Structures are given as structure tokens and as C-alpha cells.
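Chain by chain, the residues run as shown.
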Amino acid sequence: MALTTEARVPPVQTGLPFDDIRALMARMPGPSARAAEAVRAREGQLVKPAGALGRLEQLSEWLAAWQDRSPPTVARPLVAIFAGAHGVAARGVSAYPAEVTRQMLDAFGNGHAAINQICSAFDIGLKVYDLAADRPTPDITKDAAMGEAECAATMAYGMEAIHGGIDVLVVGEMGIGNTTVAATLACALYGGQPEEWVGRGTGVDDEGLARKADAVRAAIALHRDHLDDPLEALRRVGGREFAAIAGAILAARLERVPVVLDGYVATAAASVLHALDASALDHCVAGHLSAETAHVRLLKTLEMTPLLDLGLRLGEGSGGALAVSMLKAAVACHSGMATFAEAAVAGRDAAPEA
Ligand SMILES: O=C(O)c1ccc[n+]([C@@H]2O[C@H](COP(=O)([O-])O)[C@@H](O)[C@H]2O)c1
Ligand SMILES: Cc1cc2nc[nH]c2cc1C
């Protein structure tokens, strides 16, 4: 497993950065009908009852359509972990202290975390992005998390994740307090009550859960006149790992790299792009359903069906990395199976008429 650690404070640029992001969104390519058709044609000839590989067949077609390649590949998948720090963590919204974010960055580097083992098990690359994890963004109940230039520059920084010839990207994150930020962002983008978007995160008790809902309510109240624009919502009630994930997903679309979303936090970050353009996540699949209760609601809103449901609530890309094993299996079947003719197996046509 290759591990690269990127540690850098995103550079601050000037100009009209959100307009640059909107210009990139206007250039998003669509799926390749030609590659998808080639996959469908081959699937129909493989030695199995028609459609018997279910979702795996859909995944092969989806990968080919976005890679514009038949057969598709999952030869160089990468998990990108974006780590940020949040001022709102000081409000008692997490079961763990804020310094865990920095300590987990060290654990990722030392190969000690769950994600290191999962990436090793499935031969997935891992890159960790330290988004100033020692410098929390302001508490979103009191101020905007980021200025426009910082937010756009962090999105641009996240775009680096697709470099290096990868063929599938998993977006993951680390950041104590970020399930409260995810809940606030989801509430800002899609409305509803704070209670509908918060969950127990790392394992808060009932009082902690109530503090999370209060924090979401206070942040929405403070920023409510500025939440119609999803990018403005991202910079006000998001955080650096959310901006970087949104940037990485957009860059992946432009470079035809299919994306696997990890849990609630990564999905909330992706939602910013969906709120800007309902087709912006068509090259993404939900890797798993997190145990964070609001993930169901968010995935329904995005009309996504998760690949796995394992009761995970870890983050750090873990559910997305596990889902890569399904993508690998889909492509292995699609590319490696014989056709009925090659395997000398009788097809459906040879069945006796009733
Ligand atoms: O994304 C998820 O589904 C998810 C659910 C529960 C916890 N997490 C992880 O736990 C941290 C956030 O939890 P909390 O309680 O500090 O808000 C952060 O590092 C996330 O990676 C992530
Ligand atoms: C120990 C620990 C590891 C994590 N990995 C992702 N989020 C996390 C939160 C905690 C608390």
C-alpha cells in the first residue's frame, strides 16, 4: 500500500473564486453511452443467467460509462482522507477531544488505523491531506467557517487527489466535530429540523445529541439569509475537509474518474455539488450506509442506494474502501468470465419451449 501524506495550509488566492468553480461545473462531461453499451453487450454473453450478477453488472456499466472505457478498470483505486479541525468542537458535540484529529493523522502515517488495514487488504492507495488540522475553522455558530478565497482554494487543493493516474477515487475524512458540521450543511441545503440531521457521531450521549441539535439550530439562525447559494453554505457552515472533498469530486468528474463516497460526512460534502447541479454526482456511488442515522435521509435526497450496510460509523474512508472490493469483483467478473460460446455452455435459446 502506497501512503502519501500531504501537509499544507491551503494557499489563499484572490479574484472571484466561486465563479471559477461554477465555470468548472459548466464543463462537466456526461457518461459515455458507447462504453456503457459495449459493457451491456458483453454482459449479455457471459456464462450466467441474464442479469444474475445484479448490482455488479450495473457497477461495471457505470464504471465504463464514466471512465469512457470498455472494459472498465479498478487497477489503481485511491482513498483520499481530508482532515480538518472545527471550532464548533469546543461546544461538547463530540465524544472525543479535538486533539484526536492530529493524533489520527499520525496514526494514518504510521499504518496504525483501520483504513491502513483495509487499503492493504484490497490493494488500494492511500493519501492523507492535512488541511491545517491544528488551526480550527471558526465556530460556525458564531462566524463563517471560511472566507470565499480560502474555501475556493481548499476546493482547488482537494482537486490534487485525482493526480497520479488513479482509476477510482474514494473520498474520506477525519475531523472531530465534523458530524455536527455535516448536519448543519445538510440542514442548510435541504431544510428540515436540526434533530432530523444530527446523530451520535463518535458516540455522544443524549445531552451531547441535544447540544449538536442546538449547535445546528444556532448556526442556521446566524447564517440563514445567506444559505440559498450552496457554495456560500459550504463556506459558512462547512469546513475545510468538506470543501476539499467537493473539489476532489468535481475534479474527478472532469477527468472521468468514478468516485465512491464514504459515510455521512463525505456525503454531506458531496451534497454541495448536487445542490448546485442535480447531475453533478452521477459519477459517484455511495459506498455504504453509515450508522449515523441521518445518512439514510441524505442518501434518499440524493437518490443513491448504498452498496454496503455494515453498521460502520468510523469515517476515514473505511466504508468507501470496503466498497472498492465490490467494484473490483464486478470488473473481474466482467473481464474474466467466459462467454457461453467460449465455455461451451448451452444458452437460454436451447431451453425447451413450454
Ligand atoms: O461519516 C460518517 O458516517 C461518520 C460517522 C460517525 C463518525 N465519523 C467520524 O468521526 C468523527 C466525527 O465524529 P464527531 O462525533 O466528532 O462529530 C470524524 O473523524 C468522522 O470521520 C464519521
Ligand atoms: C479514534 C478515532 C478515529 C477516527 N477515525 C475517523 N474518525 C475518528 C474518530 C476517532 C475518535
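How each quantity is defined
Residues numbered from 1 in each chain as written. Chains lettered and ligands numbered in written order. Predicted model: local features only at pLDDT ≥ 70, side-chain atom pairs only at ≥ 80, totals over all residues. Helix = DSSP H or I, 4+ residues; strand = E, 2+ residues; numbered from the N terminus. Rg over C-alpha atoms; globule rule 2.2 N^0.38 Å. Contact = placed C-beta atoms within 7 Å. Core = buried A, V, L, I, M, F, W, Y, C linked by C-beta atoms within 7 Å. Buried ≥ 20, exposed ≤ 12 C-beta atoms within 10 Å, placed from the backbone. Pairing = 2+ DSSP bridges. Axes fitted to C-alpha atoms, helices over the stretch in contact; angles between N-to-C directions. Parallel < 35°, antiparallel > 145°, perpendicular 65-115°, else oblique. Left-handed = near helix turned anticlockwise from the far one by under 90°. Nonpolar A, V, L, I, M, F, W, Y, C, P; charged D, E, K, R; others polar. Near = placed C-beta within 6 Å. Expected span 1.5 Å × (residues − 1). Arc of directions from axis to C-beta. UniProt positions renumbered as here; feature names shortened; annotations may be inferred.

K.L.:
In this structure, what is going on with the overall build of the protein? I would like to understand it.
P.N.:
The secondary structure content of the protein amounts to 15 helices and 6 strands. Against the globule reference of 20 Å for 354 residues, the protein gives a C-alpha radius of gyration of 21 Å, in line with a compact fold. Overall, the C-alpha framework of the protein stretches about 70 × 45 × 40 Å when taken along its three principal axes. When contacts within the protein are restricted to residue pairs at least 6 apart in sequence, those whose partners lie at least 24 apart make up 81%.

K.L.:
Explain the nonpolar core here, please?
P.N.:
When a protein is soluble and globular, its nonpolar side chains tend to lie buried together. Ala80, Leu169, Leu185, Ile245, Ala246, Ala248 and Ile249 are the most contacted members of the largest nonpolar core, which totals 110 residues. When residues of this core are assigned to their parent elements, the largest contribution, 10 residues, is made by helix α11 (residues 240-254). Aside from chain neighbours lying at most four places away, what touches Ala80 is Lys127, Tyr129, Ala161, Leu169, Val170, Val171, Gly172 and Ala248.

K.L.:
Can you walk me through the pairing of strand β4 (residues 168-174) in this structure?
P.N.:
Two faces, one strand: in a regular strand the side chains alternate between the faces of the sheet. The element β4 is extensively covered by neighbouring structure, given that 7 of its 7 residues are classed as buried. Taking every second residue as pointing to the same face, both faces of β4 are buried, with Val168, Val170, Gly172 and Met174 on one and Leu169, Val171 and Glu173 on the other. Of the strand pairs in this sheet, β4 and strand β5 (residues 259-261) are connected by 3 bridges, and their pairing is parallel. Note that in β5 the partner of Val171 across the bridge is Leu261.

K.L.:
Explain the packing of helix α7 (residues 178-190) against helix α9 (residues 206-223) to me, please; I cannot follow it from the model alone.
P.N.:
Packed helices, taken two at a time, are described by the angle between their axes plus the distance between the axes. Packing of α7 against α9 leaves a shortest axis separation of 9 Å and a crossing angle of 45 degrees. As the angle between them shows, α7 and α9 are arranged oblique. In this structure, α7 crosses over α9, and the sense of that crossing is right-handed. Only Lys212, Ala215, Val216, Ala219 and Ile220 of α9 make contact with α7, whose side of the interface consists of Thr180, Ala183, Thr184, Cys187 and Ala188. Each residue belonging to the contact of α7 with α9 can be placed in one class, and the counts come to 7 nonpolar, 2 polar and 1 charged.

K.L.:
In this structure, what is going on with the pairing of strand β2 (residues 77-83)? I would like to understand it.
P.N.:
Within β2, 7 of the 7 residues are buried, which leaves it mostly tucked inside the rest of the structure. Judged by which residues are buried, β2 turns out to be covered on both faces: Pro77, Val79, Ile81 and Ala83 on one side and Leu78, Ala80 and Phe82 on the other are all buried. Here 7 bridges tie β2 to β4, and the two strands are oriented parallel to one another. Looking across to β4, one finds that Val79 is bridged to Val170. Relative to strand β3 (residues 125-130), β2 runs parallel, the two being bridged by 6 bridges. Its bridge partner being in β3, Leu78 is matched across the sheet by Gly125.

K.L.:
Any chance you could explain the site of ligand 1 here in plain terms?
P.N.:
Around ligand 1, the structure places 22 residues, and the nearest of them are Ser94, Gly201, Gly263, Ser290 and Gly315. Among the secondary structure elements, those contributing two or more residues to the shell around ligand 1 are β4, α7 and α12 (264-276). Per-element tally for the shell around ligand 1: the top contributor is α7, with 3 residues. Considered class by class, the residues forming the shell around ligand 1 number 5 nonpolar, 12 polar and 5 charged.

K.L.:
Help me understand α9, please; the structure alone is not making it clear to me.
P.N.:
Note on helix geometry: an α-helix contains 3.6 residues per turn, so any two residues three or four positions apart are oriented the same way. Along its 18 residues, α9 runs 26 Å from first to last C-alpha, staying within 8% of the 26 Å computed at 1.5 Å per residue. Within the span of α9, buried status applies to Lys212, Ala215, Val216, Ala219, Ile220 and His223. Here the buried residues of α9 occupy an arc of 125 degrees about the axis, which is enough to place them on one side. Looking at α9, the residues exposed on the side facing more than 90 degrees away from the buried face are Asp206, Glu207 and Ala221. Buried-residue contacts for α9 involve α7, α8 (194-197) and α10 (230-237).

K.L.:
What is the right way to read the UniProt feature "active site" (unreviewed entry) in the protein from this model?
P.N.:
On the UniProt side, "active site" (unreviewed entry) is annotated at positions that read Glu316 here. Tracing the backbone through its elements, the reader meets Glu316 in the loop between α13 (294-301) and α14 (318-336). Leave out the neighbours within four places in its chain, and Glu316 touches Ile81, Ala113, Ala114, Ile115, Gly172 and Met174.

K.L.:
Is there a simple way to explain unusual backbone geometry in this structure?
P.N.:
Most of the time, phi is negative for any residue but glycine, and the peptide bond is trans. Cis peptide bonds are those with omega within 30 degrees of zero, and the linkage from Ser70 to Pro71 qualifies with 0 degrees. Structurally, Pro71 can be placed in the loop between α3 (54-67) and β2. Positive phi values are uncommon outside glycine, yet Asp123 reaches one of about 55 degrees. Note on Asp123: 15 C-beta atoms within 10 Å, which makes it partly exposed.

K.L.:
I keep staring at α11 and nothing clicks. Help me out?
P.N.:
In this model α11 runs 21 Å from its N-terminal to its C-terminal C-alpha over 15 residues, within 8% of the 21 Å that 1.5 Å per residue would give. Within α11, 14 of the 15 residues are buried, leaving the element largely enclosed by the surrounding structure. The positive-phi residue at the C-terminal boundary of α11 is Arg256, with phi of around 60 degrees.

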